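Chain by chain, the residues run as shown.
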Amino acid sequence: MLPDGLAKSIFFLGGKILGENVNIHLNKLMESQWYSRDRLEELQWQKLQQLLRHAYENSSFYRDKLDLHGVKLHQIQSPADMQKWPVLTKSELRDAYDKMHLLGGDYKYSAAKTSGSTGRSVKFYKDRNASGNGRAAMYRGHSWYSVDVGAREARLWGVPLDGRGKITCRVGDFVLNRF
């Protein structure tokens, strides 16, 4: 069991080394939680536009899918226009797993997968920035109940079955005072 402050410091340092920058994401989320609804909707729309543009410009899978459906990014001017965006199915994700990565660039990502609760799991790539943002969102939620990063907590979550995954999970649990 580590002291809470030490666990928190190790967590943020590890996140920085991995390129997740959880502290930066957490600071942004702590600030944005107080934005007005209009400001939040505008921020969401800006981020979605950036994501759509990034996907089209950097992923042959998404570019091919949009081109096949005749969707042009300049046609997506408002959230209502998202109806033009083609639906992505689980079977497409499964079939295109090897094509989903981004072209060029220096992306740090890892393979992830769903639990398979609907019958078959879906594998996908997750970059470190997305992982960091997800962790930050989790800890912002924890903060609403006065649980800080590194505070002792119980966690109900699946445990990897492979040896390396188990070890990684146990180390993470130890460092973050989780059981």
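Structure's up top.
Residues numbered from 1 in each chain as written. Predicted model: local features only at pLDDT ≥ 70, side-chain atom pairs only at ≥ 80, totals over all residues. Heavy atoms only, no water.

### Some words on the side chain of Ser131
Here is step 1 of the chain: Counting through the fold element by element, Ser131 comes out in helix α6 (residues 128–143).
Here is step 2 of the chain: In this structure Ser131 comes out as buried when scored by relative accessible area, which is 11%.
Here is step 3 of the chain: Other than its neighbours up to four places away in sequence, Ser131 contacts Glu20 and Lys126. (Helix = DSSP H or I, 4+ residues; strand = E, 2+ residues; numbered from the N terminus. Buried < 20%, exposed > 50% of the residue type's maximum accessible area, 1.4 Å probe, protein only. Contact = heavy atoms within 4.5 Å.)

### Overview of the side chain of Glu153
Here is step 1 of the chain: As for its placement among the helices and strands, Glu153 is situated in the loop between α6 and α7 (163–175).
Here is step 2 of the chain: Despite its burial, Glu153 pairs with no opposite charge, the nearest such side chain being Arg178 at 5.3 Å.
Here is step 3 of the chain: Looking at Glu153, its side chain comes within polar contact range of the side chain of His142, at 3.0 Å.
Here is step 4 of the chain: Non-local contacts of Glu153, meaning those with residues more than four positions away in its chain, are made with Tyr139, His142, Asn177, Arg178 and Phe179. (Lys, Arg positive; Asp, Glu negative; His and termini not counted. Salt bridge = Lys/Arg side-chain N within 4 Å of Asp/Glu carboxyl O. Polar contact = N/O pair within 3.5 Å; in protein donor to acceptor, adjacent residues only side chain to side chain.)

### Structural notes on helix α3 (residues 37–58)
Here is step 1 of the chain: With 22 residues, α3 extends 31 Å from end C-alpha to end C-alpha; this agrees with the ideal 32 Å at 1.5 Å per step.
Here is step 2 of the chain: Buried within α3 are the following residues: Trp45, Leu52, Ala55 and Asn58.
Here is step 3 of the chain: Residues of α3 that are buried make contact with α4 (60–68). (Expected span 1.5 Å × (residues − 1).)

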